[in-house]
Number of protein chains: 2
Amino acid sequence: MKENNYTAQFVAAIYKSAPLISEVAVSEAKKGVLDFLASCFAAKDEKSVQNLVDFTLAEGGTPTAPVIGQHTLTSDLQAAFLNGFIGHYLDFDDVHAEVRGHPSTVILPALLALASCKNMSYRHFLNSYIIGVETMARIGRTIGAWHYERGWHNTSTLGSIGAAAATSFALQLPQEKFAVALGIAATQSSGLRGQFGTEVKPLHAGLAARNGLLATKIAESGAISGSSTMLENFYSVYSENKKVPEDLAVGWGLEWSIVSPGLWFKIYPCCSAAYHTIDAAKKLRQNHSISLDDIAAVNIVFPTGGDAALISTHPKTGEEGRFSAEYVCAIILTEGKITAHHFDAREPSKKIKELMRKMQRVYSKSIRPAPHAVPKGRFTIVEVETKHGEVYTARCDAPEGSSANPLSVERLHDKLAQHVPCSIPLQTLVDCIQKAEYTAPLIDLLKEK
Amino acid sequence: MKENNYTAQFVAAIYKSAPLISEVAVSEAKKGVLDFLASCFAAKDEKSVQNLVDFTLAEGGTPTAPVIGQHTLTSDLQAAFLNGFIGHYLDFDDVHAEVRGHPSTVILPALLALASCKNMSYRHFLNSYIIGVETMARIGRTIGAWHYERGWHNTSTLGSIGAAAATSFALQLPQEKFAVALGIAATQSSGLRGQFGTEVKPLHAGLAARNGLLATKIAESGAISGSSTMLENFYSVYSENKKVPEDLAVGWGLEWSIVSPGLWFKIYPCCSAAYHTIDAAKKLRQNHSISLDDIAAVNIVFPTGGDAALISTHPKTGEEGRFSAEYVCAIILTEGKITAHHFDAREPSKKIKELMRKMQRVYSKSIRPAPHAVPKGRFTIVEVETKHGEVYTARCDAPEGSSANPLSVERLHDKLAQHVPCSIPLQTLVDCIQKAEYTAPLIDLLKEK
């Protein structure tokens, strides 16, 4: 390879750093596996999930890998595709601030599919996952805001590369093949934010998981040749300044992105950008007793651009409400808490619709973000004006579940316990996630034999 | 749907115009089918083709659709993937100036896979192909040069949308579902030119064929919801001025892109951008007898940017030579003609390498392109300076095979005859392509039963 080959440097850094992966990172990775499975189980009975499983089964394929919560096996690529979709279906899976999207629902389906074909040490599986998250996070923070703002869905565009890195590492591909795998993933990089609010958004996660795994498998097989310098080409097309930043691989392994800023685990199945609004509205309701009839207006205050993902101001269904600050705010002010059923296909009630009509979004350049804000620079203030002229406000900078305000392992266990199907013994599953030596027992459990 | 919904207008225009598809267009489409199959057969014994077929068979899948020239069946999506790769493998398949890429090797694999599951009228099959080419050509000419120059491979980025349009039309999807299919195709739009010169370039065609067919099948099934306004989002991300041009669907059906400017059929398995050089060098050699030893220097003159696809100036193998003006020029000046074996994995001979070292590319802003140039604005001049100070030049504006200098049907038949496997009776195949009423006989022949 040539000098200044960034793709080669990237791969070399991965292999150099991997033996140093810390216990803290591994412990976070276990949480990630647990939360991902809980998010899949929570979606297992959704009609569209069953539809896509049936659609895929019709294609045939060697039944190798479990489709989570579906009592069925498909080929490895199909399982990566379906589990990515299922994991992200409710928008209940983890997010990562630097990715500006969802790493685990792309990386883990690809890794689980691979582990279904080939038993591996569970520690190596977790290390591969950490490498995948690191890849997505580093590309995410260096590709810049332009990428997302131009219209790409980072979960998907960065996801295929992350999934390829994780699976290539899991297979310990020689460095040249690893670089080719990254290139085949990069050349499939796609996913448009115009699909937000439809079920193609979770499909993006499935497509990226499959594309990343396909890239690794093709590179491993050596069936065809491919470029080993594609990170360069990827940045030149998908980033604003068209260049791989010099520091892309610098310091790799000194600190892991899965630890800092870390994964953000969700307690409500909606877009994480709406979490600040939920927590602020909750605080407001706890601290003040406001009658709904007295509310004259509600301002929801963001830093400029802080609501980019919240594309719906007057959602027509609970599903659209996943991406609506107004909807979650109205639910909390009305009912005090928010649960999965609020995000189904039903129309919002008349009361909720009326309250949403009183809301407006306000953008402030002068309010300072808190130093511990997650993501950096973000906050949301909910400000209620009553008909009597009183004004009540509450603010959230780091919502519950985010890395600055993390969930306890117990709450994650609760999430899993609430959704795990009865065909899988909970304690055995938790033991597999926390203490297994190899991946086979976990895969066997997921097969729901 | 909303007013000014360009995606809906686009789909409506397709259905309004389809009954008017002309006999001339249908006749060109038959040539396209013939040439595509010839290009697939020419690649049938390539090692990498066999590798990718084996790789795909290992995944399993319901054996429904023929893999061309491979004596084997796979699932429909897998066949679309493999036949796209095979058709483009030698870069021997047709190109289209407005697409700035290869339409048939993406659209036909998707349509043939569909026809393998569901017999249809052959005329309807051809009409669907014409719709697919029209879609790619219209997006190609309106998305602007920026798209290609930024680094995308149009065959692939526009191909998934073209394949979705062709297959959605073949299935006569209701307009809303058709629009959703275009959206699922658009959100998978990918393929980077950084892979030119590797075997991932033909892989792009296979991926796009599969992605487009998958989009149509998901939309048809109604398994999940999707946006029906994604052409808007596609242009906002993938075009320089970020807007769907008002005239995207205007005049749809008055003239068909498959007729004008038409498909360009290839007689050499290399990049069409090198064809001008080949024809100019041939003319030079015919008109002047120049001894190789006498050559002091060779200038190859292009309009600025006219050699963008010719990424290799000193190819190390025949494969890389597919994208090299220097290589094809040296072959012609040395041997007088160029054949498939010149583009295999072998190293160029010492004589060819020496001659290439005497060459340089020159860019002219002052030389005027010819009015009949294909593509518009393109030309190549080969200028040989001898050691005695003589200068010989020859120029090509529209190479043999291009729409302004088309191949006869007889030459296309020769191409097919030269490559068809002995398991398929040539005359029966030609009859199917020229006169069939339904697709089933063609599919049966391709199954090589």
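Just so it is clear, the model here is predicted, and its values are computed rather than measured.

**Q** Describe the side chain of Lys447 of chain A, listing the residues and the values that go with them.
**A** Residue and element names in this part refer to chain A. Structurally, Lys447 is set in the segment after helix H20 (440-446). Among buried Asp, Glu, Lys and Arg side chains, Lys447 stands out as unpaired, with Asp444 the closest opposite charge at 4.4 Å. Ignoring sequence-local partners within four residues, the contact set of Lys447 consists of Thr64, Pro66 and Leu73.

**Q** Provide a residue-level description of unusual backbone geometry, including the pertinent values.
**A** Between Ser260 of chain A and Pro261 of chain A the backbone carries a cis peptide bond, its omega angle lying at 5°. As for its placement among the helices and strands, Pro261 of chain A is situated in helix H13 (residues 258-262). Look at the link from Val374 of chain B to Pro375 of chain B: it is a cis peptide, with omega at -15°. The phi angle at His71 of chain B is positive, at roughly 55°, despite the residue not being glycine. Structurally, the position occupied by His71 of chain B is in the loop between strand S1 (65-67) and strand S2 (72-74). Judged by its relative accessible area of 53%, His71 of chain B falls in the exposed class. The phi dihedral of Glu448 of chain B falls on the positive side, at around 50°, and the residue is not glycine.

**Q** How would you explain the packing of helix H6 (residues 122-143) of chain A against helix H12 (residues 230-238) of chain A if you had to name every residue and give the values?
**A** Residue and element names in this part refer to chain A. One can describe the packing of H6 onto H12 by two numbers: an axis separation of 11 Å at closest approach and a directional angle of 40°. What the angle tells us is that H6 and H12 run oblique. Between H6 and H12 the crossing geometry is right-handed. Counting all contacts with H6, which are made through Arg138, Ile139, Thr142 and Ile143, the residues of H12 involved are Leu231, Phe234, Tyr235 and Tyr238. Across the contact of H6 with H12, the residue classes tally to 6 nonpolar, 1 polar and 1 charged.

**Q** Residue-level account of the packing of aromatic side chains, with values.
**A** Taken as a whole, this structure holds 31 aromatic pairs over all chains when the rule is applied. Between the aromatic rings of Tyr122 of chain A and Phe125 of chain A, the centroid separation amounts to 6.0 Å while the plane-to-plane angle is 15°, which identifies the pairing as stacked. Of this pair, Tyr122 of chain A and Phe125 of chain A both sit in helix H6, 3 residues apart, which is roughly one turn of that helix. Across the pair, Phe125 of chain A and Tyr122 of chain A agree in class, each one buried. Ring pairing ties together the aromatic residues Trp146, Trp152, Phe234, Tyr235 and Tyr238 of chain A together with Trp146, Trp152, Phe234, Tyr235 and Tyr238 of chain B, which thus form one cluster.

Rules behind the numbers
Residues numbered from 1 in each chain as written. Chains lettered and ligands numbered in written order. Predicted model: local features only at pLDDT ≥ 70, side-chain atom pairs only at ≥ 80, totals over all residues. Heavy atoms only, no water. Helix = DSSP H or I, 4+ residues; strand = E, 2+ residues; numbered from the N terminus. Buried < 20%, exposed > 50% of the residue type's maximum accessible area, 1.4 Å probe, protein only. Lys, Arg positive; Asp, Glu negative; His and termini not counted. Salt bridge = Lys/Arg side-chain N within 4 Å of Asp/Glu carboxyl O. Contact = heavy atoms within 4.5 Å. Axes fitted to C-alpha atoms, helices over the stretch in contact; angles between N-to-C directions. Parallel < 35°, antiparallel > 145°, perpendicular 65-115°, else oblique. Left-handed = near helix turned anticlockwise from the far one by under 90°. Nonpolar A, V, L, I, M, F, W, Y, C, P; charged D, E, K, R; others polar. Phe/Tyr/Trp six-rings, centres within 6.5 Å; stacked < 30°, edge-to-face > 60°.

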